[in-house]
Amino acid sequence: MPSSCSIRALWILANQDTVVFSRRFPVVEKRWRAACERDKSLIEDDLNYTGVPALPTDSEIAAAFIDRKKREGSARGFGIRINQSVEGSDSWVDDPITRHIISLYTKNEQEETNRTLWPLVLHIKDHYCILVLPLVEPHHLKTYIRMCKRSDCGNAVGADESLSALLLNLPSITGAFMVGHMIGDIITGNVTEPEIVISASPSVGGLLDSLTGSIGISARAKPVAAPVAGSTASGAATSGAMASDTPKIGLRPLDRDAIRSFISSAMPFGTPLDLNYTNISAVKINGFSPADIPPADQKQPAWKPYLYRGKQRILFTIHETVHAAMYDRDEIPDRITISGQVNCRAELEGLPDVMFPLIGLDTARVELLSFHPCAQVPEHGNEKQALMFSPPLGNFVLMRFQALCGMRPPIKGFYQLSMVSENEGAFLFRLRLMEGYRAPLSMDFCTVTIPFPRRRVLSFEGTPSIGTVSVAEHFVEWKIITTGRGVSGKSVEATFPGTVKFSPWQPQRLPSLGAVLGNMEDEESDAETESTNNMANVEDFLMEKMNKDLQAVDLEEPFCWQAYDYAKVSFKIMGGSLSGMSIDPKSVSIFPAVKAPVEFSTQVTSGDYILWNTLGKCPVASTPKA
């Protein structure tokens, strides 16, 4: 069987556990049946199948998915073996990956035995659960079923059978994840292009302008066209189609036509050919022109279905996201990491190759590195990494990386909060912004948010040394630097003492996860018992319990509804990278040679930049000593 990815079937379920879309691929299913026929003894003896089972119906999938949620405790499941796990369940395998690669036990109305459907890649996007069933060998299914029945827990190092080792040898799993993520983006309307930040003003002409609309970028920059779907009229028609096929489930419209069109082009016979939605949409709307035939001595890659014509140029943007956990404690070191990507847009005629050295790859202390399929890495050096690539159409991510911060933290300091009475707290901020940073680095804006999701704010007192303060029902927001009044070439010291008063709150006991799972049938209230018995999803049960006590709590802030207090910092830095990565526009080479201006920009934004309360509890992970 080829090592490439092939998909047997896929299903999309709404949050009511009903199948709203499904697709089966008979060509791939025929290959599965042929493999089962070759291993007929394995199917009959080890899997207890009297024949090759057919794919389940949509109703059977829905019923099996509901049954799994009851058995595993939630849509994803526990992932590890606990007291509630039963033999044959995913959690019995005792591997966290089973939260994302699941199995279903389907039962035909005429049959008495359950049949195992595995591996099903589960991708949850908004209110939808997407299940993708890739093609594997029957002996892989046999191995998994054997893992579901063993008595020992966990995957010991050096063990004969390990789920992680099994999945690493199945490239179809990776392909199935890509299919699931792409379909999730389509049904939720989240298909976006990578961000390119430029300071130049000329517009983009030619075919690319006709293929796309603009994308969101920095307020100081102008949008760069990205080839998404076609002309404005075509785009309007597409939007109309998106809104026309709305299922009666009270959720975001699910455009079945858009999914069918994508599948028929991206994976017409179950084998993914091109999952780039930009290319698929452009080809469908515009077709191909005889003038787009590439030179005879060059092969046109799949990621560039059209040849560009017009003014030539290359745009690069290094976009970094800073994540930090700031403790201001001697016993706990602060942790700062950077996740970044090199976005590119090469408007070049023909099929040229582009080469440039990536500066600072060694000094950036890169921990992880990955490249677009169009890229080649022919040379390795200490300071410069030479990259060569054949650019695709439109905006794309040339490289992704994760690195440690090569400079001082952009925001350093502490946050302290203590309750002086039952309903009143006193806090203090002392921060330094951009200490040690020099021009051209500049901070475009900086905001500190103090969430109080379990308490309602009645009044607030305090004046910061810089900036303005606004108060809402469940948080205090401190705008230190506002957009348009950026800081460059100097450090800023900011302090903010204050007090906050909350409405009286009668604490109610919230059940722990273990208590919920172990004693769901022992609730005192008859009403709660009925609700609990009808609740298949433990996550839903927890959210319902918390909502009863905390009507306005933002449950997506997981650290706030227990004993942790923190402040979250949001900012944007322009003019350079914090990792030390850079591109010299003068060193970019194009083959065959052509005169094309090269523009380079950087942008740094905050991710989860957290200031933990110095006087309170804080979660921390121990790291091995170097």
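Up top you'll find the structure we're talking about.
Here the structure is a predicted model, which means the values were calculated and not measured.

Chemist: Explain the side chain of Gln-603 to me, please; I cannot follow it from the model alone.
Modeler: Here Gln-603 lies in strand S26 (residues 598-612). A distance of 3.4 Å separates a polar atom in the side chain of Gln-603 from a polar atom in the side chain of His-319.

Chemist: What exactly am I supposed to notice about the packing of aromatic side chains here?
Modeler: Aromatic rings in a pair are described by how distant their centres are and how their planes are angled relative to each other. Taken as a whole and assessed by the stated rule, the structure comprises 16 aromatic pairs. Measuring from ring centre to ring centre gives 6.1 Å for Phe-427 and Phe-460, while their planes differ by 15°; the resulting arrangement is stacked. With a gap of 33 residues between them, Phe-427 in strand S16 (residues 424-433) and Phe-460 in strand S18 (residues 457-461) connect regions that are remote in the sequence. By relative accessible area, which is 4% here, Phe-427 ends up buried. Within the aromatic cluster, the residues linked to one another by ring pairs are Tyr-415, Phe-427, Phe-429, Phe-460, Trp-478 and Phe-496. In this structure, Arg-81 is placed above the aromatic ring of Trp-92, and the distance from its NZ or CZ to the ring centre is 3.8 Å.

Chemist: Got a minute to help me understand the packing of helix H6 (residues 171-188) against helix H9 (residues 256-266) in this structure?
Modeler: Running from N to C, H6 and H9 cross one another at 150°; their axes reach a closest spacing of 9 Å. One element, H6, and the other, H9, form an angle in the roughly antiparallel class. When you trace H6 past H9, the crossing you get is right-handed. Mapping the contact onto sequence places Met-182, Ile-183, Ile-186 and Ile-187 in H6 and Ala-258, Ile-259 and Phe-262 in H9. Taken together, the residues that form the contact of H6 with H9 break down as seven nonpolar, no polar and no charged.

Chemist: So what exactly am I meant to see when it comes to the nonpolar core here?
Modeler: Generally speaking, a soluble globular protein has its nonpolar side chains buried in company with each other. Ranked by size, the top nonpolar core spans 45 residues in total, and within it Leu-10, Ile-12 and Phe-262 carry the most contacts. For this core, the element with the most residues is H6, which contributes seven residues. The contact partners of Leu-10, leaving out residues within four places of it in the chain, are Phe-21, Ser-22, Arg-23, Phe-25, Leu-131, Val-132, Val-179, Ile-183, Ile-263 and Met-267. Met-326, Cys-405, Phe-427 and Val-448 belong to the second-largest nonpolar core, a separate cluster that totals 40 residues.

Chemist: How should the pattern of salt bridges be read in this particular structure?
Modeler: Proximity of charged atoms lets side chains of opposite charge pair with each other. Applying the stated rule across the entire model yields 16 salt bridges. One salt bridge in this structure joins Arg-68 and Asp-90, with 2.9 Å as the shortest N-O distance. Placement of Arg-68 in helix H3 (residues 58-72) and of Asp-90 in the loop between H3 and strand S3 (101-106) is noted, with a sequence separation of 22 residues between them. When its relative accessible area of 1% is taken as the criterion, Arg-68 is described as buried. Residue Asp-334 pairs with Lys-412 through a salt bridge whose shortest N-O separation is 2.7 Å. Of this pair, Asp-334 sits in the loop between strand S8 (313-326) and strand S9 (335-347) while Lys-412 sits in strand S15 (residues 411-421); the two residues are 78 residues apart in sequence, bridging distant segments of the chain.

Chemist: Is there a simple way to explain the sheet that holds strand S4 (residues 115-125) in this structure?
Modeler: Strand pairing in a sheet is mediated by backbone hydrogen bonds. Such pairs are either parallel or antiparallel. The strand order across the open sheet built from five strands is S2-S1-S5-S4-S3, with neighbouring strands paired in antiparallel fashion. Both edges of this open sheet fall to strand S2 (19-24) and S3, since each of them pairs with a single strand only. Pairs of neighbouring strands in the sheet enclose a mean axial angle of 25°, with direction left out of account. Taken together, the five bridges between S4 and strand S5 (residues 128-134) define a ladder with antiparallel strand orientation.

Chemist: Would you mind showing me how to read unusual backbone geometry here?
Modeler: Residues apart from glycine generally show negative phi values, whereas peptide bonds are mostly found in trans. For the bond running from Trp-118 to Pro-119, omega is 0°, close enough to zero to count as cis. In this structure, Pro-119 sits in strand S4. At the junction of Ala-439 and Pro-440, the peptide bond is cis and its omega measures out at 15° in the coordinates. Looking at the element boundaries, Pro-440 is found in the loop between S16 and strand S17 (442-451). In this structure, Asp-94 takes a positive phi of about 65° despite not being glycine. Phi is positive for Asp-126, close to 55°, though the residue is something other than glycine. The topology assignment puts Asp-126 in the loop between S4 and S5. Given a relative accessible area of 52%, Asp-126 falls into the exposed group.

Chemist: Would you mind going over helix H4 (residues 138-147) with me for this structure?
Modeler: Helical geometry note: an α-helix holds 3.6 residues per turn, so side chains three or four residues apart project in the same direction. Among the 10 residues of H4, seven are classified as buried, and the element is accordingly described as predominantly covered. The set of residues buried in H4 consists of Pro-138, His-140, Leu-141, Thr-143, Tyr-144, Ile-145 and Met-147.

Chemist: Before we go on, may I ask you to explain helix H1 (residues 26-38) in this structure?
Modeler: Taking 1.5 Å as the rise per residue, H1 with 13 residues should run 18 Å; its terminal C-alpha atoms sit 18 Å apart, in good agreement. Turning to H1, its buried residues number three or more, namely Val-28, Glu-29, Trp-32, Ala-35 and Cys-36. Seen end-on, H1 carries its buried residues on one side only, within an arc spanning 115°. Turned more than 90 degrees away from the buried face of H1, the exposed residues are Pro-26, Lys-30 and Arg-38.

How each quantity is defined
- Residues numbered from 1 in each chain as written.
- Predicted model: local features only at pLDDT ≥ 70, side-chain atom pairs only at ≥ 80, totals over all residues.
- Heavy atoms only, no water.
- Helix = DSSP H or I, 4+ residues; strand = E, 2+ residues; numbered from the N terminus.
- Polar contact = N/O pair within 3.5 Å; in protein donor to acceptor, adjacent residues only side chain to side chain.
- Phe/Tyr/Trp six-rings, centres within 6.5 Å; stacked < 30°, edge-to-face > 60°.
- Buried < 20%, exposed > 50% of the residue type's maximum accessible area, 1.4 Å probe, protein only.
- Lys NZ or Arg CZ within 6 Å of the ring centre and 35° of its normal.
- Axes fitted to C-alpha atoms, helices over the stretch in contact; angles between N-to-C directions.
- Parallel < 35°, antiparallel > 145°, perpendicular 65-115°, else oblique.
- Left-handed = near helix turned anticlockwise from the far one by under 90°.
- Contact = heavy atoms within 4.5 Å.
- Nonpolar A, V, L, I, M, F, W, Y, C, P; charged D, E, K, R; others polar.
- Core = buried A, V, L, I, M, F, W, Y, C linked by side-chain atoms within 4.5 Å.
- Salt bridge = Lys/Arg side-chain N within 4 Å of Asp/Glu carboxyl O.
- Pairing = 2+ DSSP bridges.
- Expected span 1.5 Å × (residues − 1).
- Arc of directions from axis to C-beta.

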